[in-house]
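# Per-entry structural report
Residues per chain are reported as follows:
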Amino acid sequence: MIEFLVEKLHDPKFLASVLAAVAAMATVVTLAMPLLVRDDLNRRLRAVSVEREKMRQRERERLARGEKVTLRQSPKQYMKTIVESFNLAKWVGQEEARAKLIQAGYRGNAPYVAYLFFRMVSPVVAFVVAVFYLFFFVQVDQPAMVKVGACLFAAFVGMQVPYLFLKNQISKRQLSVRRAFPDALDLLLICVEAGMSIEAAFRRVSQEIGSQSIPLAEELTLTTAELSYLQDRKVAYENLAKRTDLEGVKSVCVALQQSERYGTPLGQTLRVMAQENRDMRMSEAEKKAAALPPKLTVPMILFFLPVLFVVILGPAAIRVMAIQ
């Protein structure tokens, strides 16, 4: 069985067929993806309502039995045991890891324990897979030290996979917040000029902006709760800036803090900040548009020009070959 797999992995026709199948599947998925887009907001709202009823029923049963009630999601026991046994929180970095998880939208102790667990397991899995592939499945004509180095490199890549996944989630969340934040500032300005308090304005904007950006709605809802129960409102604004880690949001939070401290007009501040964030969003779109021609140069040279030459020069070459 192993020899058959090794033979197939070295067969150019088989590899070409696999790559062609993968390319065809990717094309079908890309074309069908817009048709499969669902309304995440309504789906989440329905899921939250259903889960709320389940939690209510479950907590009533626990209270009736006299059990201890907890609202936080507890981590998996085997993950927690491994993390505590190897003291992973010490060498991975507790505060930095928690900050990154919060920026990615993962809150609580369970995502933190899972992140530490996968930071330990993924390099081990990558190293074992590389050892089996290089030493048993494929006969690579290289010294043993080169193979060991490749296995160690695979382990290093496996260690970085959870961090890269977390960084990707942070980028997606920041992109969603960045695109919807100017519109949220406009709504916040309308609410403030209508006479609402800042807490009521944040609550109203979080309800309206959910159809455009669910992460921004979550952050504004959490900020509304912090403004309600924290003694210092400055802390709530600072927490919003840390959770989003965006320059536009940080500047708005600083302006809100100054307005709270010095009594400056909040409406004028929000109007200026909304215009600045809208200009930043437009400049980012212009920058991407300006960078598009250089990025298209290499694909055009590799894919378009050869086909164009074949179409133009092909008939002439066929006639010359026929005459000869």
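As shown above, the structure is provided for reference.
Definitions and limits used
Residue positions within a chain follow its written sequence, with the count starting from 1. Note on the predicted model: pLDDT of at least 70 is required for a residue's local features to be given, and 80 or more for side-chain atom pairs to be given and counted; whole-chain, interface and lining totals, by contrast, use all residues. Note that the side-chain values use all heavy atoms of the structure and ignore hydrogens as well as water. Helix and strand assignments follow DSSP, with helices taken as H or I runs no shorter than four residues and strands as E runs no shorter than two, numbered in order from the N terminus. Summary of the burial criterion: residues with accessible area below 20% of their type's maximum are buried, those above 50% are exposed, and those between are partly exposed, where the area comes from a 1.4 Å probe applied to protein chains only. Here, two residues are considered to be in contact whenever any of their heavy atoms come within 4.5 Å of each other. Per-residue and other accessible areas follow the Shrake-Rupley method at a 1.4 Å probe size, with only the shown protein chains counted as cover for residues. Centre distance within 6.5 Å is the pairing criterion for rings of Phe, Tyr and Trp, where only the six-membered ring of Trp is used; planes under 30 degrees apart are then read as stacked, over 60 as edge-to-face, and the remainder as tilted. Criterion for a charge above a ring: Arg CZ or Lys NZ at most 6 Å from the ring centre, at most 35 degrees from the ring normal. Under the convention used throughout, the expected extent of a helix is 1.5 Å for every residue step, that is, one less than its residue count. We define the bend at each residue as the angle formed by axes fitted to the 7 residues ending at it and the 7 residues starting at it. When a carboxyl oxygen of Asp or Glu lies within 4 Å of a side-chain nitrogen of Lys or Arg, that pair is called a salt bridge. Under this scheme, a helix contributes an axis fitted over its contacting stretch, all axes are lines through C-alpha atoms, and angles between N-to-C directions fall in the 0 to 180 degree range. When describing relative orientation, an angle under 35 degrees is termed roughly parallel and one over 145 degrees roughly antiparallel, while 65 to 115 degrees is termed roughly perpendicular and anything else oblique. Residues were grouped as follows: Ala, Val, Leu, Ile, Met, Phe, Trp, Tyr, Cys and Pro as nonpolar; Asp, Glu, Lys and Arg as charged; and all remaining residues, including Gly, as polar.

## Some words on the overall build of the protein chain
- When helices and strands are counted, the protein chain shows 14 helices and 0 strands.
- Residue burial in the protein chain is summarised as follows: out of 324 residues, 27% are buried.
- Summarising the internal contacts of the protein chain: among those between residues at least 6 apart in sequence, 62% fall at separations of at least 24.
- Of the roughly 22500 Å² of accessible surface on the protein chain, 65% is carried by carbon and sulfur atoms.

## Let's talk about the packing of aromatic side chains
- Applying the stated criterion across every chain yields a total of 1 aromatic pair.
- Residues Phe 117 and Phe 118 carry aromatic rings whose centres are separated by 5.4 Å and whose planes lie at 75° to one another, so their mutual orientation is edge-to-face.
- Looking at Phe 118, the relative accessible area reads 41%, which means it is partly exposed.
- The positively charged end of Arg 98 is found above the aromatic ring belonging to Tyr 112, 4.0 Å away from the centroid.
- The residue whose ring lies beneath Lys 147 is Phe 135, and the NZ or CZ to ring-centre distance is 5.3 Å.

## Remarks on helix H8 (residues 144-193)
- The terminal C-alpha atoms of H8, which comprises 50 residues, lie 72 Å apart, in line with the 74 Å expected from a rise of 1.5 Å per residue.
- At Phe 181, H8 is bent by approximately 45°, the largest bend along its length, and proline Pro 182 sits one to four residues beyond.
- Two residues or fewer after H8 comes Gly 195, characterised by a positive phi angle close to 105°.

## Some words on the pattern of salt bridges
- Enumeration over the complete set of coordinates arrives at 14 salt bridges.
- Residue Glu 226 pairs with Arg 243 through a salt bridge whose shortest N-O separation is 3.4 Å. Of the two residues, Glu 226 is situated in helix H10 (residues 214-229) and Arg 243 in helix H11 (residues 233-244); the sequence distance between them amounts to 17 residues.
- Between Glu 260 and Arg 233 there is a salt bridge, with the nearest N and O atoms lying 3.2 Å from each other. Here the residue Glu 260 occupies a position in helix H12 (residues 247-262), and Arg 233 occupies one in helix H11, the gap between them amounting to 27 residues.
- A cluster of three or more residues bridged by salt bridges with shared partners is formed by Arg 107, Arg 173, Glu 218, Glu 219, Glu 226 and Arg 243.

## Some words on the packing of helix H13 (residues 266-290) against helix H14 (residues 292-323)
- Interaxial distance between H13 and H14 falls to 4 Å at its minimum, and their mutual angle equals 30°. Taken as axis vectors, H13 and H14 run roughly parallel relative to one another. Residues Lys 288, Ala 289 and Ala 290 of H13 lie in contact with H14, whose contacting residues are Leu 292, Pro 293 and Pro 294.
- Across the contact of H13 with H14, the residue classes tally to 5 nonpolar, no polar and 1 charged.

## Observations concerning the environment of Leu 227
- With respect to the element layout, Leu 227 can be found in helix H10.
- Along the backbone, Leu 227 and Phe 202 are 25 residues apart, and their C-alpha atoms lie at a distance of 9.5 Å.
- Leaving out residues up to four positions away in the same chain, Leu 227 has contacts with Glu 199, Phe 202, Arg 233, Ala 236 and Tyr 237.

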